[in-house]
Amino acid sequence: MQNETGRAGKTVMTALGPIAPEELGFTSMHEHVMFQGAVLARRMREMIPAGHGLPIDADDKVSLENVGLLLNNSIMAWDALVQDDEDVMAGEVQDFKDAGGGAIVEVSVPGIQLATAPMRNISRRTGVHIVVSTGFYTWDSWPEEFRGLGVREYKRHMEGEIRHGVQGTDIRPGSLKIALEDLNEMEENALRAAAQLCGETGLPLTIHPCLKPGADQIQVIRILREEGVDLGRVVFAHTPVVSRPGLFRDLIDNPGLVKVTTELALRIMDEGANCSIEFENPLGFEMMGRYNLGDLWKTSGICKIIEAGYSGQLVLGNDCCGRTMLRRGGALGYLRLMGYGLTTLRDVAGVPESAIRRITVENPARILAH
Amino acid sequence: MDKLRAGAPAGRGAAEKPAAEKRAVAEGQVAKKLAAGNPAAVSQAAENRGAAGGQPSDGRAAMTVCGPVAPGEIGLASMSEHVMYDGGFLRERLLGRLRPHSLPISEGDKLCLENVGILQKNCVLAWDALRQDDEAAMQKEAMLFGRLGGGAILDLSVCGTRLGAAALRRISEATGVRIVASSGFEAADARPAEFSEASAGSAGVGAYLAHIRREIGEGIDGTGVRAGHVYAGLLDFGPAEECALRAAARACGESGLSMTVKLWRGAGCAGRAMKILAEEGADLARVIFANVPLTTTPGFADALRDPTLYRPDTESAKAILARGCSISYEFSNMMGLELADVYNAGDWAPISALVALIREGYAAQIVVGTGCAGKIALHQSGGEGFCRLFYRGIPVLRDAAGVSDYALRLIMRRNPATLLSAR
Ligand SMILES: [Zn+2]
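Worth saying up front: this structure is predicted, and the values here are computed from it rather than measured.

Novice: What am I meant to see in the packing of aromatic side chains here?
Specialist: Geometry of an aromatic ring pair is reported as the spacing of the ring centres plus the angle between the planes. Applying the stated criterion to the full structure yields 19 aromatic pairs over all chains. Between Phe-136 of chain A and Tyr-154 of chain A, the ring centres sit 5.2 Å apart and the planes meet at 75 degrees, which makes this aromatic pair edge-to-face. With a gap of 18 residues between them, Phe-136 of chain A in strand 8 (residues 133-136) and Tyr-154 of chain A in helix 5 (residues 151-164) connect regions that are remote in the sequence. The buried category is assigned to Phe-136 of chain A, whose relative accessible area is 0%. The side chain of Arg-244 of chain A reaches across the aromatic face of Tyr-291 of chain A, ending 4.5 Å from its centre. Taking NZ or CZ as reference, Arg-272 of chain B lies 3.6 Å from the ring centre of Phe-237 of chain B, over its face.

So this is what it looks like as structure tokens:
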């Protein structure tokens, strides 16, 4: 697609203004810096069994004393599902910088968006480029004012942010983000509006896929094509490379059900779109009968995509979305990508340096430049 | 509270120690919530420990750190634990195997909220993560376990890793949780110098045996706290470890105590170990093998290439169970070694294998624990401590796997009572 010359004159819009794509360096393509996960908590808390007996209350703050329980049962306390402290987040971003990170794409949008104003401070303090996003999270998370609108209204809102700044700040977005829960009419309208803006402005579009049958990434690609989008500008986040039953009881007698499945990822990439896979810090749901699979299968899936020759359309991230995913909250934060992901790909799986550079530096620069 | 006090073991000094007062100091938020949220669990805890201490009447007794108790007073037991423990040897053992990293941590760092995530993934990066050296903290861990219904803890710490036997007695007195201490020897790299590889040889067995006999008969380090179980750790299985295993087997044979053999490097040497145990007169029905792999164990690079190589596997366990030995499974807290290429694949595969063994009729030869072996595993500092048996172990077996109440009672109560009680 775009080679070095094709990129000439293009810039990446960051929280501190436009920069040349070459300045990005090592880029995490899916992150949350300031984050509000109350919607996720509300959705999941209904699934907590009554009488679970775990000694934790919804209003407890994350501490050394409860973090062990929270890591295995993330939705037990609201505090575990926010990233609301600017100083803490600056420290986390500094970790990323110290480990060789250059840029972060912050994909929090209305529904999970907490504050955009701190991005400029955090970027200045750490020297890490932060690309903020405009768009919409899943419909159930939206403030009332966004419900039930048409394509034109959603587009007008995002256009305003692109022109003037996100969330009432003068920080202009360098990325579009749409999350789909049901792909109902309002989500479809928001998706089409973002697709049109992707075509008109050249901003990259990250899509958090719908997990329900009949609205998967391939169906979304159909909508994007209808809107004339260049799929090379699109990143499908959370691309699944592992299939497995959700509940442990369905796995016990059928261990073969845990599988690496790269078919969907390769199909998305054959259509010309990019895939993001995140080395997530763990979120546990043990008391709901779920289980932690660890990172083996996902890492293996990433290796298979690279081996199949698709490293030119793969990007990575950590998708930190809650305090217990941070280095200062019981996990590795943005360091998961370097401290586990890249060292494993490079040192254990033998992925060549050129492919790692493509995935973490060249692809992000190409995708973010407009 | 009265019930808890009544349940305190009848060890030396139990009557005059203000146990309730100590508990109050140790209790924090988590404890209060456990008490508030689990009234049933609290009363069950007292029940688990029996109505009161007292001398056993049927001739069999478990030797706890507070003296002998009847088998019926063991209650629900966690059979693979450490209480006061220094696992620093693990860092020395693995340091050379770690891949280079730039994680923001130094070996002298104290465990805190800012580094607990790093240390969970790589527990050997700081000494503090591998120690359980705070008596008040360990008392609280035991208290939390008791609150949920835990009756007894088998402590597999021995000379070289054990930090104070007197503390075990104080913790037991203060919490009402029975603690059984072990004698024996860790793998050769985790021992005091006088029992290292250099001292091995046939003459050595006598010295090893004398040490174990002393800890069983007189007590540990002059404390009067007597060992009620024997332990042998096998890593390289060189002469020093063979000596210790032979000595442990003889000590078990003559005392009637049970023993745990920890297979640090997997089940490859279990056959040789069982042969030696039999030669030395140990009753294999009194032997527990710990760390028996319940999955296949492909290397990291191979598993990345083909993750189907990693799967539940009962073969190693069955070879041990077929000889009449027991196995202990740990619902362990996260103590990762990612930089040593020990990959995290979750607990679903070993638990699936454990359930398969239970289904095939081996419940009478299975015991469980949480394998707490450092601060990083504790409820107060990054893990769920001994309580993981209740938070994860029992629910996953009972609710997800549908294991019968009978099998659970065997695994959690009857097998421990039988194994811990000597004639
Ligand atoms: Zn996300």
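Novice: Just to check I follow, could you spell out the interface of chain A and chain B for this structure?
Specialist: Where the parts come together, the accessible area they lose is often given as the size of the interface. Contacts between the two partners involve 53 residues from chain A, matched on the other side by 53 residues from chain B. A combined buried area of about 4300 Å² lies between chain A and chain B, and 63% of that area is made up of carbon and sulfur atoms. Across the pair Arg-99 of chain B and Asp-347 of chain A runs a salt bridge, and its minimum N-O distance is 3.9 Å. Counting only elements with at least two residues in the side of chain A that touches chain B, the list comes to helix 2 (67-72), helix 9 (296-307) and helix 10 (335-348) of chain A. At eight residues, helix 10 of chain A tops the list of elements feeding residues into the side of chain A that touches chain B. Its residues placed into classes, the side of chain A that touches chain B shows 25 nonpolar, 14 polar and 14 charged.

Novice: Sorry, what's going on with unusual backbone geometry here?
Specialist: If a residue is not glycine, its phi is most likely negative; likewise, a peptide bond is most likely trans. Residue and element names in this part refer to chain B. Of note, the phi angle at Phe-237 is positive, near 60 degrees, even though the residue is not glycine. Along the chain, Phe-237 falls in the loop between strand 9 (229-234) and helix 10 (239-255). Taking the relative accessible area as the measure of exposure, Phe-237 reaches 5% and is therefore buried. Non-glycine residue Asn-291 carries a positive phi angle of around 70 degrees. For Asn-291, the position within the fold is in the loop between strand 11 (287-290) and helix 12 (300-305).

Novice: Help me understand the nonpolar core in this model?
Specialist: Where a protein is soluble and globular, its nonpolar side chains tend to be buried together. In terms of nonpolar packing, the biggest core is built from 240 residues, with Leu-224 of chain A together with Met-259, Leu-263, Leu-277, Phe-289 and Leu-397 of chain B touching the most fellow members. Sorting elements by how many residues they give to this core places helix 10 of chain B first, with nine residues. Contact partners of Leu-224 of chain A, with chain neighbours within four places excluded, come to Leu-191, Ala-195, Leu-205, Ile-207, Val-229, Leu-231, Val-234 and Phe-236 of chain A.

Novice: Explain the coordination of the zinc ion to me, please; I cannot follow it from the model alone.
Specialist: As a benchmark, a tetrahedral metal site with four donors has ideal angles of 109.5 degrees, while an octahedral site with six donors has ideal angles of 90 or 180 degrees. All names here are of chain A. Surrounding the zinc ion are the protein donor atoms His-30 (NE2), His-32 (NE2) and Asp-319 (OD), at 2.1 to 2.3 Å. The sequence pattern describing where the donors of the zinc ion fall on their chain is H-x1-H-x286-D. Each member of the pair, His-30 as well as His-32, carries the same accessibility label: buried.

Novice: Can you walk me through the environment of Asp-270 of chain A in this structure?
Specialist: For Asp-270 of chain A, the position within the fold is in helix 8 (residues 263-270). Spatially, the C-alpha atoms of Asp-270 of chain A and Gln-313 of chain A are 9.5 Å apart, while their sequence positions differ by 43 residues.

Novice: Please clarify how the pairing of strand 9 of chain B should be interpreted in this entry.
Specialist: The side chains of a regular strand alternate, first on one face of the sheet and then on the other. Residue and element names in this part refer to chain B. The buried fraction of strand 9 amounts to six of the six residues, a majority that puts the element mostly inside the structure. Neither face of strand 9 is open: one carries His-229, Tyr-231 and Gly-233, the other Val-230, Ala-232 and Leu-234, and all of them are buried. Pairing analysis gives four bridges linking strand 8 (residues 182-185) to strand 9, with the strands arranged parallel. Residue pairing across strands places Ser-182 opposite His-229, the latter belonging to strand 9. Relative to strand 10 (residues 259-263), strand 9 runs parallel, the two sharing five bridges.

Novice: Explanation requested: the sheet that holds strand 10 (residues 205-208) of chain A in the structure shown.
Specialist: Pairing between the strands of a sheet is mediated by backbone hydrogen bonds and can be parallel or antiparallel. Residues and elements named next belong to chain A. Spatially, six strands are ordered 8-9-10-11-14-15 in an open sheet, and the strand pairing comes out parallel. Bordering the open sheet on either side are strand 8 and strand 15 (314-317), each of which pairs with just one other strand. The sheet shows a mean angle of 25 degrees between the axes of neighbouring strands, direction not considered. Where strand 10 meets strand 11 (residues 234-236), three bridges bridge the pair, whose relative direction is parallel. Its bridge partner being in strand 11, Thr-206 is matched across the sheet by Val-235. Docked against the sheet, helix 6 (residues 185-201) engages strand 8, strand 9 (175-179) and strand 10, running at close to 160 degrees with respect to strand 9.

What counts and how
- Residues take numbers from 1 onward in each chain, read along the sequence in its written order.
- Chains carry letters and ligands carry numbers; both start at the beginning, A for chains and 1 for ligands, and go up in the order they are written.
- Owing to the predicted nature of the model, reporting of local features is limited to residues with pLDDT of at least 70; listing and counting of side-chain atom pairs is limited to 80 or more, with chain, interface and lining totals taken over all residues.
- Calculated side-chain values reflect all of the structure's heavy atoms, with hydrogen atoms and water omitted.
- Side-chain rings of Phe, Tyr and Trp, where Trp is taken by its six-membered ring, are said to pair if the distance between their centres is within 6.5 Å; with planes under 30 degrees apart they count as stacked, over 60 as edge-to-face, and otherwise as tilted.
- Strands are runs of DSSP state E lasting at least 2 residues, helices are runs of H or I lasting at least 4, and numbering of each runs from the N terminus.
- Under the scheme applied here, a residue whose accessible area is under 20% of the maximum for its type counts as buried, over 50% as exposed, and between as partly exposed, the area being computed with a 1.4 Å probe on protein chains only.
- We count a charge as sitting over a ring when the NZ of a lysine or the CZ of an arginine lies within 6 Å of the ring centre and within 35 degrees of the ring normal.
- By the convention used here, residues are in contact when the closest approach between their heavy atoms is within 4.5 Å.
- Values labelled buried area give the accessible surface lost by two parts on being combined, using a 1.4 Å probe and summing over both.
- Any carboxyl oxygen of Asp or Glu that lies within 4 Å of a side-chain nitrogen of Lys or Arg is treated as forming a salt bridge with it.
- For this scheme, ten residues count as nonpolar: Ala, Val, Leu, Ile, Met, Phe, Trp, Tyr, Cys and Pro. Four count as charged, namely Asp, Glu, Lys and Arg, and the remainder, Gly too, count as polar.
- Working definition of a nonpolar core: buried Ala, Val, Leu, Ile, Met, Phe, Trp, Tyr and Cys residues. They are joined through side-chain atoms within 4.5 Å.
- Only nitrogen, oxygen and sulfur atoms qualify as donors, and only when within 2.8 Å of the metal (3.2 Å in the case of Na, K and Ca); with water excluded, sites may look incomplete.
- At least two bridges found by DSSP between two strands is the condition for calling them paired.
- Angles run from 0 to 180 degrees between N-to-C directions of axes, and those axes are lines fitted to C-alpha atoms, restricted for helices to the stretch in contact.

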